[in-house]
Amino acid sequence: MEFRMEEVFLTEPSKKYKNEFSQMVQDYHNHGEIEKFDILKVALRNFESYTKVLIENSKGIELPEGWVPCCTYWLVNNHKILGTIRVRKELNSEFLKNIGGHIGYDITPSERRKGYGKLILKLGLKEARLMKLSPILVTCKTDNYASAKIIEKNGGVFDSEILDKSSNQFFKRYWIY
């Protein structure tokens, strides 16, 4: 699928995207990604409060203990939220330094394999560079071949593979300069 850049863009969370967000949450349910669905469906109960918290998190306002400022953006087109990317402004814990990294992203299940993963990371890296982050750590589960390919196509240089003892899963770590 091809798309023009002006039709797909990053935006900060906003209450104006409530219907699109609801559709995205339902998409996770429809594709059997129940863990993600359960996390996001809670936001629908008070969507305005949810978006407010995301904006405050980006500014470091009322962060839970141990959290870092994190900017959340939605990849949208004129009728749908295609994915989410989170850019953490610092790595203050061993978990973030080893597993979480600066950037985490996901594409809505029905929109995968259309090039949006590569695009969301490219646009998220632009935001990270505006925040003066360099180098930028991006990680993925070792068995997530699609994400590893996306990271590499965006300039990711493989650093190491590490076991997350809490989930008993291996993660690949990449640096983007």
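Above this text is the structure in question.
Predicted model, so just to flag it, every value in this text is computed and none were measured.

Quick notes on the rules
- Residues numbered from 1 in each chain as written.
- Predicted model: local features only at pLDDT ≥ 70, side-chain atom pairs only at ≥ 80, totals over all residues.
- Heavy atoms only, no water.
- Buried < 20%, exposed > 50% of the residue type's maximum accessible area, 1.4 Å probe, protein only.
- Helix = DSSP H or I, 4+ residues; strand = E, 2+ residues; numbered from the N terminus.
- Pairing = 2+ DSSP bridges.
- Phe/Tyr/Trp six-rings, centres within 6.5 Å; stacked < 30°, edge-to-face > 60°.
- Axes fitted to C-alpha atoms, helices over the stretch in contact; angles between N-to-C directions.
- Parallel < 35°, antiparallel > 145°, perpendicular 65-115°, else oblique.
- Left-handed = near helix turned anticlockwise from the far one by under 90°.
- Contact = heavy atoms within 4.5 Å.
- Nonpolar A, V, L, I, M, F, W, Y, C, P; charged D, E, K, R; others polar.
- Salt bridge = Lys/Arg side-chain N within 4 Å of Asp/Glu carboxyl O.

1. Overview of the pairing of strand E3 (residues 81–88)
Now for step 1: In terms of residue burial, E3 counts as a mostly covered element, since seven of its eight residues are buried.
Now for step 2: The loop that links strand E2 (residues 70–76) with its antiparallel partner E3 comprises four residues.

2. Looking at the packing of aromatic side chains
Now for step 1: Overall, the coordinates contain seven aromatic pairs when judged by the stated rule.
Now for step 2: Centroid distance Phe-21 to Phe-47: 5.1 Å. Interplanar angle 50°. Geometry classified as tilted. Highlighted residues: Phe-21 in helix H1 (residues 18–30) and Phe-47 in helix H3 (residues 47–58), separated in sequence by 26 residues.
Now for step 3: Phe-47 gets classed as buried once you look at its relative accessible area, which sits at 3%.
Now for step 4: With 6.3 Å between their ring centres and 35° between their planes, Phe-47 and Tyr-50 make a pair best called tilted. Of this pair, Phe-47 and Tyr-50 both sit in helix H3, three residues apart, which is roughly one turn of the helix.
Now for step 5: The exposure class assigned to Tyr-50 is partly exposed, which follows from its relative accessible area of 24%.
Now for step 6: In textbook terms, an aromatic cluster arises when at least three aromatic residues are bridged by ring pairs, as seen for Tyr-17, Phe-21, Phe-47, Tyr-50 and Trp-74.

3. Some points on the packing of helix H5 (residues 116–130) against helix H6 (residues 145–153)
Now for step 1: Direction vectors running N to C along H5 and H6 enclose 45°, while the axes themselves pass 9 Å from each other. Relative to H6, H5 is oriented oblique. Handedness of the crossing formed by H5 with H6: right-handed. Taken together, the residues of H6 that come into contact with H5 (itself represented by Gly-117, Lys-118 and Leu-121) are Ile-150, Ile-151 and Lys-153.

4. Concerning the packing of H1 against helix H2 (residues 34–45)
Now for step 1: Two elements in contact, H1 and H2, have axes separated by 8 Å at closest approach and are oriented at 155°. Comparing the axis directions of H1 and H2 gives the class roughly antiparallel. Our pair here, H1 against H2, has a crossing hand that is left-handed. Two secondary-structure elements touch here, H1 through Phe-21, Ser-22, Met-24, Val-25, Tyr-28 and His-29 and H2 through Ile-34, Lys-36, Phe-37, Leu-40, Lys-41, Ala-43 and Leu-44.
Now for step 2: A class-by-class count of the residues in the contact of H1 with H2 yields nine nonpolar, two polar and two charged.

5. Examining the pattern of salt bridges
Opposite charge on two side chains permits them to pair, given that their charged atoms come into close proximity.
Now for step 1: In total, this model carries eight salt bridges according to the counting rule given.
Now for step 2: One salt bridge connects Glu-33 with Arg-112, and the closest N-O pair in it is separated by 2.6 Å. On the criterion of sequence distance, the pair formed by Glu-33 in the loop between H1 and H2 and Arg-112 in the loop between strand E4 (103–107) and H5 is long-range, its members being 79 residues apart.
Now for step 3: A salt bridge links Lys-36 to Asp-106, with the nearest nitrogen and oxygen atoms 3.1 Å apart. One end of the pair, Lys-36, is in helix H2; the other, Asp-106, is in strand E4, and 70 residues separate them in sequence.
Now for step 4: A residue is classified by how much of its surface remains accessible, and Lys-36, at 25% relative accessible area, is partly exposed.

These figures capture arrangement, not role.
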